[in-house]
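Secondary and tertiary structure notes
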Amino acid sequence: AFRIIPIIFGTFSIILLYALGELVYSRRAGITAAILGAFSFYHIFASLQVDVHGATNFFLFLAAIYSFLRFEKEKSRKWFILSAVSAGFASLNVYSAIFIFAIIGLYVLISDKNPFKSIITMAKFSFISLLVYAVFPIFAFLYNKDIFIRTFLVSGFFQPAINFRYPVFIFI
């Protein structure tokens, strides 16, 4: 039953690869990206195993990047919020989600002429992502104080993805 979750996220990742390629370059680039992604060994492997890191994190990474690029193009608040929320959920899954913040931060610094505006944009993005991430410690505290103490106080605040993985499914 849990095998269907990575398959669903893997399928949506292919759709997002197409949409990202089309948004940045052209329809042909989107189709090429989707085909290459669909036949990638790692993508197939990650979509077939029961694990929250593989297909789920790739989907959330793509969703954050795609949503942010749509925000830059359309200047719509909904795309900005969706991008930050995707980055927040990716942070719940694995440490490497920090690269989402680095990639988007570098993009904002390079594309905006005003560095103060870039800092404000990234502060808003980080704050929304942190709000999404904060749901986990609150849930852990309310659910079981021992788990909260072991996860956040003993092993460190930024380690829930390793020590307490499976409740992440509650949020997905």
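What this report covers is the structure whose coordinates are included nearby. (Residues numbered from 1 in each chain as written. Predicted model: local features only at pLDDT ≥ 70, side-chain atom pairs only at ≥ 80, totals over all residues. Heavy atoms only, no water.)

1. Section: a nonpolar patch on the surface
Rules: Put simply, a patch holds well-exposed residues, over 30% relative accessible area, that have no salt bridge, with like charges counted together within 9 Å and Val, Leu, Ile, Met, Phe, Trp or Tyr side chains within 5 Å. Reported accessibility uses the Shrake-Rupley method at a 1.4 Å probe radius. Residues are deemed covered only where the shown protein chains occlude them. By convention in these notes, a salt bridge is any Lys or Arg side-chain nitrogen within 4 Å of a carboxyl oxygen on Asp or Glu. Per the convention used, a helix needs a DSSP run of H or I reaching at least four residues, while a strand needs a run of E reaching at least two, with both numbered from the N terminus. Exposure is judged per residue with a 1.4 Å probe applied to protein chains only, and the accessible area is read against the type maximum: over 50% gives exposed, under 20% gives buried, and values in between give partly exposed.
Taken together, the side chains of I4, I7, I8, F12, I15, I44 and L48 make up a nonpolar region of the molecular surface, amounting to roughly 610 Å² of accessible area. Going through the elements one at a time, α1 (4–24) and α3 (41–48) are the ones with two or more residues in the nonpolar patch. Of all the elements, α1 adds the most residues to the nonpolar patch, at five residues. Within the secondary structure, I4 is located in helix α1. Relative accessible area serves as the criterion here: at 47%, I4 is assigned to the partly exposed category.

2. Some words on the packing of helix α6 (residues 98–111) against helix α7 (residues 115–143)
Filter applied, for reference: What counts as an axis is a line fitted to C-alpha atoms, over the stretch in contact for a helix, and the angles between N-to-C directions run from 0 to 180 degrees. Each angle receives one of four descriptions, namely roughly parallel if under 35 degrees, roughly antiparallel if over 145, roughly perpendicular if within 65 to 115, and oblique otherwise. Less than a right angle of anticlockwise turn of the near helix away from the far helix marks a crossing as left-handed, whereas a clockwise turn marks it as right-handed. By definition in these notes, contact holds between two residues if any of their heavy atoms fall within 4.5 Å.
At a minimum axis distance of 9 Å, the contact between α6 and α7 shows a crossing angle of 155°. Relative to α7, α6 is oriented roughly antiparallel. As α6 packs across α7, the resulting crossing turns out to be right-handed. In this structure, α6 contributes I100, F101, I104, G105, V108 and L109 to the contact, and α7 contributes S118, T121, M122, F125, S126 and S129.

3. Quick word on the pattern of salt bridges
By the definition in use, this model includes two salt bridges. With a closest N to O distance of 2.6 Å, R70 and E74 form a salt bridge. With a gap of four residues between them, R70 and E74 both fall in helix α4 (residues 54–74), about one helical turn apart. Take R70: its relative accessible area is 19%, and that puts it in the buried class. On the accessibility criterion, E74 (39% relative accessible area) is partly exposed. A salt bridge links K75 to E72; its shortest N-O distance comes to 3.8 Å. Overall, K75 belongs to the exposed group, its relative accessible area being 52%. Residue E72 is classed as buried on the basis of its relative accessible area, which comes to 16%.

4. Some remarks on α3
Put simply, the test is: Note that the arc is defined by the directions from the helix axis to the C-beta atoms.
Buried residues of α3: H43, A46 and S47, and no others. Take α3 and look down its axis: the buried residues cluster within an arc of 100°, on one side only.

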